[in-house]
Amino acid sequence: MKLLIACVFMALCHKISGWFDNAHEYDCGYIASPYFQYYYRGTIAVTKSGKTCQKWTDRMEVLWYYDPSGLGEDNYCRNPDEGERAWCYTETVAESTGEKWEYCDVPDCDSTCGSMDEKQADYRGTIHTTRSGKTCQKWTEQSPYKHEMTPENKPDSGLAGHNNCRNPDGGDKAWCYTTDPDMRWEYCNVDNC
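Described in the following lines is the structure provided in the data block. Predicted model only: the values in this text are computed from it and were never measured. (Residues numbered from 1 in each chain as written. Predicted model: local features only at pLDDT ≥ 70, side-chain atom pairs only at ≥ 80, totals over all residues. Heavy atoms only, no water.)

**So, the state of the cysteines**
Then step 1. By the definition in use, this model includes four disulfides.
Then step 2. Each sulfur of the disulfide joining Cys-77 and Cys-104 lies 2.1 Å from the other. Measuring the twist about the S-S bond at about -80°, one finds the Cys-77-Cys-104 disulfide to be left-handed. Taken as a pair, Cys-77 in the loop between α2 (60-65) and β1 (87-89) and Cys-104 in the loop between β2 (101-103) and β3 (113-114) lie far apart in primary sequence, 27 residues in all.
Then step 3. Note that Cys-165 is cross-linked by a disulfide to Cys-188, the S-S spacing being 2.1 Å. Disulfide Cys-165-Cys-188: the torsion about the S-S bond is -85°, which places it as left-handed. (Disulfide = S-S within 2.5 Å. Helix = DSSP H or I, 4+ residues; strand = E, 2+ residues; numbered from the N terminus.)

**Looking at the packing of aromatic side chains**
Then step 1. With the rule as written, the count across this model stands at ten aromatic pairs.
Then step 2. Here the aromatic rings of Trp-56 and Trp-87 are separated by 5.2 Å at their centres, their planes lie at 75°, and the arrangement is edge-to-face. Taken together, the positions of Trp-56 in the loop between α1 (2-21) and α2 and Trp-87 in strand β1 put the pair 31 residues apart, joining distant regions of the chain. Like Trp-56, the residue Trp-87 is buried in the burial classification. (Phe/Tyr/Trp six-rings, centres within 6.5 Å; stacked < 30°, edge-to-face > 60°. Buried < 20%, exposed > 50% of the residue type's maximum accessible area, 1.4 Å probe, protein only.)

**A few points about unusual backbone geometry**
Then step 1. At the junction of Ser-143 and Pro-144, the peptide bond is cis and its omega measures out at 10° in the coordinates.
Then step 2. With respect to the secondary-structure elements, Pro-144 resides in the loop between β3 and β4 (175-177).
Then step 3. A positive phi is found at Glu-82, a non-glycine position, where the angle reads about 55°.
Then step 4. Within the fold, Glu-82 resides in the loop between α2 and β1.
Then step 5. Positive phi outside glycine occurs at Lys-119, with the angle close to 55°.
Then step 6. Within the secondary structure layout, Lys-119 lies in the loop between β3 and β4.

**Here's the deal with the side chain of His-162**
Then step 1. Residue placement: His-162 occurs in the loop between β3 and β4.
Then step 2. A distance of 2.9 Å separates a polar atom in the side chain of His-162 from the backbone nitrogen of Asn-164.
Then step 3. In this structure, His-162 is in contact with Ile-44, Lys-138 and Trp-139, ignoring residues within four places of it in sequence. (Polar contact = N/O pair within 3.5 Å; in protein donor to acceptor, adjacent residues only side chain to side chain. Contact = heavy atoms within 4.5 Å.)

**Some points on the side chain of Thr-130**
Then step 1. If you trace the backbone, Thr-130 turns up in the loop between β3 and β4.
Then step 2. Using a relative accessible area of 4% as the deciding quantity, one classes Thr-130 as buried.
Then step 3. Engagement of the side chain of Thr-130 in a polar contact is seen with the side chain of Glu-186, the distance being 2.6 Å.

Spelled out as structure tokens, the structure:
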């Protein structure tokens with residue numbers, strides 16, 4: 001009986017500690033201080049300019065120098081140094097910094113609207129359904145619809161690694177390609193700021 005109680009207690013403690021370990025992990029990143037996307041645990045693995053991120057384990061010094069939480073056998077964007085925002089190492093030198101790292105286009109958890117003046121081209125939120133409720137196609141995918149609106153072709157449009165609504169072509173407002181074979185694209189219900 002004591003063994004059974006001990007096993008139940010240990011299992012419960014493990015479950016509770018798991019709740020606390022993941023309590024602040026998000027698929028978007030809070031850009032405002034004091035977070036600076038530190039708790040971002042999503043799967044974006046390309047930089048703002050469309051470069052593929054390196055695996056963190058390819059740079060072992062990183063695991064010694066930075067907080068290893070969220071780093072490992074993957075190449076997802078993270079902010080282990082609590083810098084300005086999530087970033088990753090790349091294979092090539094970035095023109096903007098002269099370094100082998102770049103910032104990533106991780107959605108801001110607080111971004112719920114796009115400015116009317118910019119026709120919502122500045123929207124970086126996580127709405128990923130159209131006004132009629134259709135699921136958006138990932139910008140990096142070419143199925144079901146082939147298109148030119150890719151992170152490589154539109155590096156400043158926030159298209160990397162997700163299917164969130166954006167306005168990369170200067171249209172009337174945020175939109176996306178859909179996964180519906182009967183509707184190529186549709187506007188999204190993104191509010192104006």
